[in-house]
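Inside the fold
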Amino acid sequence: MSPKDSFQARTTLHVGGRTYSFYSLERLEAAGFAVQRLPYSLKILLENLLRREDGESVDADDVTALAGWQAKKVGEREISFLPARVLLQDFTGVPCVVDLAAMREAMQAMGGDPKKINPLFPAELVIDHSVQVDHFGSPDAFRLNAEIEFARNRERYAFLRWGQSAFANFDVVPPDTGIVHQVNLEYLARVVFDGGGNGSPEAYPDTLVGTDSHTTMVNGLGVLGWGVGGIEAEAAMLGQPMPLLIPEVVGFKLSGELPAGATATDLVLTVTQMLRKKGVVGKFVEFFGAGLSSLSLADRATLANMAPEYGATCGIFPVDDETLEYLRFTGRKPERIALVEAYAKAQGMFRTASSTDSEYSDTLTLDLATVEPSLAGPRRPHDRVPLTQSKKAWLASLPELRAAAKSSGEARGGIRTRLEGKDVEIGDGAVVVAAITSCTNTSNPSVLIGAGLLARNAVERGLTVKPWVKTSLAPGSKVVTDYLRESGLLASLEALRFHLVGYGCTTCIGNSGPLPEPVSKAIADGNLVVASVLSGNRNFEGRIQPQVRANYLASPPLVVAYALAGRMDVDVVNEPLGMDRGGKPVYLRDIWPAPEEVRSTIRRVVKTEMFERQYGEVFRGDERWQAIRVPAGDLFAWDPQSTYVRKPTLFDGMTREPAPIRDLTRGRVLVKLGDSVTTDHISPAGSIAKDSPAGRYLLEHGVAVADFNSYGARRGNHEVMMRGTFANIRLRNELVPGVEGGWTRHLPGGERLTIYDAAVRYGAEGVPLLVLAGKEYGSGSSRDWAAKGTMMLGVCAVIAESYERIHRSNLIGMGVLPLEFRAGESCESVSLTGEERYEIRGIATGLSPRDLVTVEAVRADGSKNAFQALCRIDTPVELDYYRHGGILPFVLRQLL
């Protein structure tokens, strides 16, 4: 449908001899709307509405409502947002393509055209989550890991190559290229699109959604985008607008400059702690103030990257001269840069030192000069610990960690073992993983060069990494190794065993690989509480490595420092990291590089031609990728023997009209959980235990334990993933107190079973299931399988104190009802044990967004406990999704 343009906003822009059409915000300003006071992010949303006004998904009232945004009023109006493109990574992207392939078959089965199931906008997938650190500490580590990666994942990669040929507008960046968000930042991001068509091309902001929560990293470049579940991304690819309430926008004002010794990592850990304390879930965060001028684009990207950790939908920076300089530096074409500058200035979206501050719903301030070196841990990204307090904080956390490990809580001696020809002792607090990894930091030359310089200085003093530390270097792009090699610092890192292990999301996603056997045995024999230190964004329980209970986020230089120290119970500020060749103590301050040396090294070695060379043929891949045989045809030929890619059951028995929604009767609680349960707890991405339901399934299908791969790599197989739901080794289900892992009790009898086996039994009995939870349920990654697996186990509703944004919408997208205790209430306050029988009424009789429904818990003695819960279906469109049993059946019926 053609845009209506009720506000006569369409006009032209002349740039470098070309004429572009665009929808002018200045025209709205001239019509009496105070548009220029709006935050940068809302200007992007407003343009999106102006350009898409069609009288159906967007009408003139939507434009008026957003243009008249009131900073201090909580938004209650729903608008729709349609991104310009979709970004995928392979863990979440494979199930997306699996679903699209299955939708084609369902479309054909119901008499429709299967080719209607096709991305309508650019969809780009970067394979970066599949490489594991099996080999480390040697020059061959990268080659060996890459060979294992291809051997393990050839079937998945062949499927993705089929998708690249079968679907239009779908491109795949092959493995061993880089991390999705760094590739997006350095190459894929347009900042301003120039759409083709008849007549003049159309200019509009580059916007996106991605199937990884850290899609927000590109916000540092002035691009509005955020993470969504795969099911929402699939709908967006098929042209389905995304509903959202007009957001609150929290302004974060920065002033000053970072002091010597503080890094962008320390800044983001500080900001994350501040914003988590503030409470910004579901809100936009926008950075402004004079302090922006002192931050490089890479520093801004680091801040934007961790928006999921501080809970915001996005953490965005405006376009300014630094944005343009970064585009030039990374090899973008001059005409693109000229368009970005002209468009941003024409729309009032270009920041200068004299720009007037926008209006915000609320504001925080931070003087960058107050930022100090920090860690975050041992379990959550927002639990910041000043480096000066790290030893004290570790000792304070140790009793709880020991208790969780079922130790006596008393001090214990270490376990002696032999490593690298030496007798060593490994005890509580040993750092057994030190990883320079993750999109958060490996896109930032300042911390990578800083780590290299610190390594050089340590080597010169004769320091070595402790033999029990598993070290790794996994950069976000090949440009990183180019400039580290050019500077000579790669050799210094390698001298400390930080060899290249792969280009991808390794340790941060749980692909840290096994620990060396003597280290693993020592931990098991001593029931030790050991630690990891990584330059990542996630340190949730059970995520990094199965045997590692304490995980700390830190800057790359501090990762190297802790590898040298080898333990957490050391004050790295005031105690030596080791002794030099002459027996003199070497302190962190002795080897920490000076800020000017970091800056001068960056200026000398990081070059534009590196970006141009590495991204020149980014979609081509190496000879292994090119050698993969690609299945032909518009419909995928499913292999019934495959344990990686199987046709999902989502559309089995689907009818043209949805069945009416019903109240829940005679329900049982499958799991009862506490606060801060993450999507890692619900749907782990890491290793598969051989005695787990998923492990048993793979063994029954002839897969050797050595070939299990990970849950993340198996996401194209629903049989594995439903068995892996709630299978995290650190899950604590209150129905089985004192037990960790994927266990529950089958009620009313009370027999202890795995959660999967209990769900199967309940299903055979026709019993609908519930989940009870505390605050921040579903925090973490935008993991669609946390919702898909929940639904496949037969869970019909979740009752929690609060939800993380993405997981709430994913539950609705899979037809699971998210309910919320009323303010001040919880399982404890309404006396729920989880052993009751449940009735939920008010669903079948005219459910509306944010209605109150009645929940009745019937105890074993027949007594009843009734309370009301808030329906967290927030918008009419979400209610449509729920009525259809999920977003994908809804879209399929719409296309029919």
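Now for a look at the structure at hand.

Quick notes on the rules
- Residues numbered from 1 in each chain as written.
- Predicted model: local features only at pLDDT ≥ 70, side-chain atom pairs only at ≥ 80, totals over all residues.
- Heavy atoms only, no water.
- Phe/Tyr/Trp six-rings, centres within 6.5 Å; stacked < 30°, edge-to-face > 60°.
- Lys NZ or Arg CZ within 6 Å of the ring centre and 35° of its normal.
- Axes fitted to C-alpha atoms, helices over the stretch in contact; angles between N-to-C directions.
- Helix = DSSP H or I, 4+ residues; strand = E, 2+ residues; numbered from the N terminus.
- Parallel < 35°, antiparallel > 145°, perpendicular 65-115°, else oblique.
- Left-handed = near helix turned anticlockwise from the far one by under 90°.
- Contact = heavy atoms within 4.5 Å.
- Nonpolar A, V, L, I, M, F, W, Y, C, P; charged D, E, K, R; others polar.
- Buried < 20%, exposed > 50% of the residue type's maximum accessible area, 1.4 Å probe, protein only.
- Pairing = 2+ DSSP bridges.
- Polar contact = N/O pair within 3.5 Å; in protein donor to acceptor, adjacent residues only side chain to side chain.
- Right-handed = clockwise from strand over helix to strand, strands pointing away.
- Salt bridge = Lys/Arg side-chain N within 4 Å of Asp/Glu carboxyl O.

The final tally for this structure, using the stated rule, is 24 aromatic pairs. Among the aromatic residues, ring-to-ring pairing joins Phe159, Trp162, Phe167, Phe636 and Trp638 into one connected group. Geometry around Tyr587 places Arg589 over its ring, the cationic atom sitting 4.3 Å from the centre. Above the ring of Trp743, the side-chain terminus of Arg752 is found at 4.6 Å from the ring centroid.

Right, let's talk about the packing of helix 4 (residues 90-109) against helix 5 (residues 141-166) for a bit. Each pair of packed helices can be summarised by the angle the axes make with each other and by the distance between the axes. One can describe the packing of helix 4 onto helix 5 by two numbers: an axis separation of 10 Å at closest approach and a directional angle of 55°. The angle between the axes of helix 4 and helix 5 places the two elements in the oblique class. Between helix 4 and helix 5 lies a crossing whose hand is left-handed. Within the contact between the two elements, helix 4 uses Asp90, Phe91, Val94, Val97, Val98, Ala101 and Arg104 and helix 5 uses Arg156, Phe159, Leu160, Trp162, Gly163 and Ala166. Grouping the amino acids of the contact of helix 4 with helix 5 by side-chain chemistry returns nine nonpolar, one polar and three charged.

With that out of the way, let us pick up the environment of Gly230. Inspection of the secondary structure puts Gly230 in helix 7 (residues 230-237). Looking at Gly230, the relative accessible area reads 0%, which means it is buried. Through-space distance from the C-alpha of Gly230 to that of Pro684 is 16 Å; in sequence the pair is 454 residues apart.

Around the barrel, seven strands lie side by side as 26-29-30-31-34-33-32; this closed barrel has mixed pairing. Within the sheet, the average angular offset between the axes of one strand and its neighbour, ignoring direction, is 40°. Of the strand pairs in this sheet, strand 33 (residues 852-858) and strand 34 (residues 864-871) are connected by seven bridges, and their pairing is antiparallel. In the sheet register, Thr854 faces strand 34, and the bridge partner there is Gln868.

This brings us to the side chain of Arg384. Residue position: Arg384 is located in strand 17 (residues 384-386). Judged by its relative accessible area of 19%, Arg384 falls in the buried class. One polar contact links Arg384 to Gln273, side chain to side chain, over a distance of 2.9 Å. Discounting residues that sit within four places of it in the chain, Arg384 has contacts with Leu269, Thr270, Gln273, Glu372, Ser374, Leu375 and Ala376.

This part covers the pairing of strand 13 (residues 284-288). Across a regular strand the side chains alternate sides, sitting on one face of the sheet and then on the other. Burial analysis of strand 13 places five of its five residues in the buried class, the great majority of the element. Burial of strand 13 is two-sided: the residues Phe284, Glu286 and Phe288 facing one way and the residues Val285 and Phe287 facing the other way are all buried. Regarding topology, helix 8 (residues 264-278) serves as the crossover connection from strand 12 (residues 249-255) to the parallel strand 13, and that connection is right-handed. Bridging between strand 13 and strand 14 (residues 314-316) involves three bridges; their strand directions are parallel. Counted as the bridge partner of Val285 is Gly315 from strand 14.

So, about the pattern of salt bridges. Per the counting criterion, the structure on display carries 68 salt bridges. Salt bridges sharing common partners tie together Arg379, Glu400, Glu541, Arg549, Arg730, Arg732 and Glu740.

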